[in-house]
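Chain residues, written in single-letter form:
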Amino acid sequence: MTIKNRFLTSYIGGIVIASVSILAILCIVFYVTTGTVPTPKTWYQTFTKQRSLSPEEELAYVELRNIAKTNPDKLLEKGTATDIQKMEKKSLGVVIRHDESILYYSKGLVEKSLVVHFPVFDTNNIETKGTIDNAGRMYRYIKFDFYYSDLSKGSILVLKKENNLLEFFTKWGITISIVIILVSISAMLLLNQLLHRTIIKPLENLGQFMSELRGENLQSKTPALPANTAREVQQLTANFESMRTTLLASIQEQQNLESNRKELVASISHDLKTPITSIIGYIEGLLEGIADTPAKQEKYLQTIHSKSIALNRLIEELFLYSKLDAEAVPFYFKRIQLEKFLVHMSEEFQLDNRDVQIQISVREDIYASIDRMQMNRAINNLFENSLKFKKTDEPLCITLEVTANADMLEIHVMDNGQGIAESQLPYVFDHFYRGEAARTFTTGGSGLGLAIVKQIVEKHQGHVEIQSKLQYGTKVTIILARA
């Protein structure tokens, strides 16, 4: 069942249940109060029985009762009819009974119905008020029972016709029912139209949009909602739009990852093939006797050795890069004093590179929460990069400078090397990027050094920036939170 039909069923069911409940409560209250099963007729009789007499009814009743008490036989005389007709002009009805026969009844009353429905004779006149049915019309009456001079039973009824419920519904019931039905249908159609505009239609549009959402269609935005759309539908649409945006970003990220994977595989193939091809060539030269002197053989073996070391380093860096990318490298953060950390790391680097000058400028009160081993690897990669691209006509000088404010700190690693072309700066942190037209092992680099630096810094919730100019050196800035 559709939501629209469910709403419609709920409306109709709610109206029926409410009506039946109210009717049942009224019936129970009536039954408890009167002890009889309620019907429209008994309801009306109970209501009219409690009503007071009008002045006209009171006066007519008193006159006829006085006659019945003082001279009941006078009611059998024809002259009494004249007095009764005066009462009838006041919209009253009069009935006189003698034993079981109707002696007199006003115009408009039906004699047979009077005989059938006439109230029971009561000598004590305890029940003097009530309602009588005369040919389908209800009359309110007041009754007085008495005995004629021959001890035969007599009764007088003073009747008042009213626009009672039964007559009202008999005359206007169909019209009122039709009007109520039309009003109810109109109200339901109006509510249904409102629901269709604010709930059903937006949901249908959203459902159609979802069914058409395929691949490139993810770029399409969720259809706009009418102004008075239900809050829940607005929330659903907003959630779906958020899901679409997230899914689109996920697909784009997946496409980027796939593109990176293909590029990485191609780069690995290239960078592995080059040294392996070179190693195979020198080995074949040895096997075929091309190196026919000890000096040549020594040179070939030295070349094979250096290529093997470079190949092994490439594999190690590739393995590290892959583990960092897969978040498989554990990080253990500690609050350390940057001055001691940078001094110790610089001294270690200078043990193998004594011709490199390193200057350090950092205050003693600057601390950072870092993984000592991984950050050491990152900064050491920057040192190695500076060493690879130093100028040939002057010694390499590296400057370490730390600046800090209340929340953040910056580690600046500056050198006086060859520098990097401005056009290449956006790509230097990409894996396997070397900034050379033909990527070779001329500089001995793998193209992963700066990519590893970027990953390590990002794992520290920081980021890295680079500034450089050809022949004026390079400046790399590592930005971290202060501890």
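Look above for the structure.
As the structure is a computational prediction, the values presented were derived from the model and not from experiment.

Novice: What is the right way to look at the sheet that holds strand E3 (residues 129–134) in this model?
Specialist: Working definition: the strands of a sheet are paired by backbone hydrogen bonds and lie parallel or antiparallel to each other. Spatial ordering of the open sheet is given by E2-E1-E5-E4-E3, a layout of 5 strands whose pairing is antiparallel. Each edge of the open sheet carries a strand with a single partner, namely strand E2 (101–105) and E3. Taken over all neighbouring pairs, the strand axes of this sheet differ in orientation by 35° on average, direction set aside. Of the strand pairs in this sheet, E3 and strand E4 (residues 137–147) are connected by 6 bridges, and their pairing is antiparallel. Bridging across to E4, Asp133 finds its partner in Met138.

Novice: Could you clarify how one ought to interpret helix H7 (residues 231–287) in this entry?
Specialist: Each α-helix turn comprises 3.6 residues. Residues three or four places apart therefore point the same way. With 57 residues, H7 ought to run about 84 Å at 1.5 Å a step, and its terminal C-alpha atoms sit 82 Å apart, in line with that. Looking at H7, one finds that the buried residues are Val233, Thr237, Phe240, Arg244, Leu248, Leu264, Ser267, Asp271, Pro275, Ser278, Ile279 and Gly285.

Novice: Help me out: how do you make sense of the packing of aromatic side chains in this one?
Specialist: Aromatic rings in a pair are described by how distant their centres are and how their planes are angled relative to each other. Under the counting rule described, the total for this entry stands at 6 aromatic pairs. Centre to centre, the rings of Phe331 and Phe333 are 6.0 Å apart; their planes meet at 20°, and the pair counts as stacked. Accessibility expressed as a relative area gives 17% for Phe331, which makes it buried. Aromatic side chains Phe349 and Phe383 sit 5.1 Å apart centroid to centroid with 50° between the ring planes, which places their arrangement in the tilted category. Within this pair, whereas Phe349 is found in helix H9 (residues 338–352), its partner Phe383 is found in helix H10 (residues 372–388), the two being separated by 34 residues in sequence. Residue Phe383 is classed as buried on the basis of its relative accessible area, which comes to 0%. Ring pairing ties together the aromatic residues Phe144, Phe146 and Tyr148, which thus form one cluster. Here the guanidinium or amino end of Arg335 rests over the ring plane of Tyr367, the centre of that ring lying 4.1 Å away.

Novice: I tried to follow unusual backbone geometry on my own but got confused; where do I start?
Specialist: What is expected of a backbone is that most residues other than glycine have negative phi and most peptide bonds are trans. Positive phi values are uncommon outside glycine, yet Asp99 reaches one of about 55°. Mapping Asp99 onto the fold places it in the loop between strand E1 (92–98) and E2. A residue is classified by how much of its surface remains accessible, and Asp99, at 36% relative accessible area, is partly exposed. Positive phi, close to 60°, is recorded for Gln461, a residue that is not glycine.

Thresholds, definitions, all that
- Residues numbered from 1 in each chain as written.
- Predicted model: local features only at pLDDT ≥ 70, side-chain atom pairs only at ≥ 80, totals over all residues.
- Heavy atoms only, no water.
- Pairing = 2+ DSSP bridges.
- Helix = DSSP H or I, 4+ residues; strand = E, 2+ residues; numbered from the N terminus.
- Axes fitted to C-alpha atoms, helices over the stretch in contact; angles between N-to-C directions.
- Expected span 1.5 Å × (residues − 1).
- Buried < 20%, exposed > 50% of the residue type's maximum accessible area, 1.4 Å probe, protein only.
- Phe/Tyr/Trp six-rings, centres within 6.5 Å; stacked < 30°, edge-to-face > 60°.
- Lys NZ or Arg CZ within 6 Å of the ring centre and 35° of its normal.

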